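Observations on chain architecture
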Amino acid sequence: MRYKLRMMGVPLDRPTSMYCDNESVPKNATVPESTLSKKHNAICYHKVRESMAAGWIQVGWIKSEKNLADLFTKVLTRPRRQALLKHMLLRWSG
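Presented here is a report on the structure given in the accompanying data block. Here the structure is a predicted model, which is why all the values come from computation and not from measurement.

Helix and strand content of the protein: five helices and two strands. Its helices and strands in sequence order give the protein the pattern α-β-α-α-β-α-α, from N to C terminus. Computed over its C-alpha atoms, the radius of gyration of the protein comes to 16 Å, more than 25% above the 12 Å expected for a compact globule of 94 residues. Over its C-alpha atoms, taken along the principal directions, the protein stretches across nearly 40 × 35 × 20 Å. Within the protein, the proportion of its 94 residues that are buried is 20%. Contacts in the protein between residues far apart in sequence, at least 24 positions, make up 41% of those at least 6 positions apart. With an accessible surface of roughly 7,800 Å², the protein has 59% of that area assigned to carbon and sulfur atoms. Counting 17 positive and 7 negative side-chain charges, the protein places the averaged centre of each group 6 Å from the other.

As structure tokens, this is what we get:
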């Protein structure tokens, strides 16, 4: 994503923030002693750790109720979808 944004002329002068509603993701990404047993997870895990070490991304935790990515990745009830859309629009307009 960073590459595509740079190709469109968007300046990226700081790390990209990535938020997860699963507490183990930021924990495993920051603890050097953690390991994963599944090969496909381990490949992504090492890419995330490499990107963090390079200063390209920051991984953090967010409550599931405020995770805007759910709008694009999950089937939501109408009230839940409206609440996330409202939060997203308020965030981008103000």
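We now examine the side chain of N67. Inspection of the secondary structure assignment puts N67 in the loop between β2 (57-61) and α4 (70-73). Of the residues examined, N67 reaches a relative accessible area of 9% and is grouped as buried. Residues within four places of N67 in sequence aside, it is in contact with D21, I62 and L84.

Side-chain pairing between opposite charges can occur once the charged atoms of the two side chains come close. Per the stated rule, a full pass over the model turns up four salt bridges. Measuring nitrogen to oxygen at the nearest pair gives 3.9 Å for the salt bridge that ties K74 to D21. With K74 in the loop between α4 and α5 (78-93) and D21 in the loop between β1 (16-20) and α2 (24-30), the pair connects residues that are 53 residues apart, well separated along the chain. On the accessibility criterion, K74 (43% relative accessible area) is partly exposed. The residue D70 makes a salt bridge to K74 at a minimum N-O spacing of 3.5 Å. Accessibility expressed as a relative area gives 4% for D70, which makes it buried.

This part is about the nonpolar core. Burial of nonpolar side chains together is a common tendency in soluble globular proteins. L68, L71, L76, L84 and M88 form the largest nonpolar core, which has five residues in total. Setting aside residues up to four positions removed in sequence, L68 forms contacts with L84, H87, M88 and R91.

Thresholds, definitions, all that
Residues numbered from 1 in each chain as written. Predicted model: local features only at pLDDT ≥ 70, side-chain atom pairs only at ≥ 80, totals over all residues. Heavy atoms only, no water. Helix = DSSP H or I, 4+ residues; strand = E, 2+ residues; numbered from the N terminus. Rg over C-alpha atoms; globule rule 2.2 N^0.38 Å. Buried < 20%, exposed > 50% of the residue type's maximum accessible area, 1.4 Å probe, protein only. Contact = heavy atoms within 4.5 Å. Areas by Shrake-Rupley, 256 points an atom, 1.4 Å probe, with all protein chains shown as cover. Lys, Arg positive; Asp, Glu negative; His and termini not counted. Charge placed at Lys NZ, Arg CZ, Asp CG, Glu CD. Salt bridge = Lys/Arg side-chain N within 4 Å of Asp/Glu carboxyl O. Core = buried A, V, L, I, M, F, W, Y, C linked by side-chain atoms within 4.5 Å.

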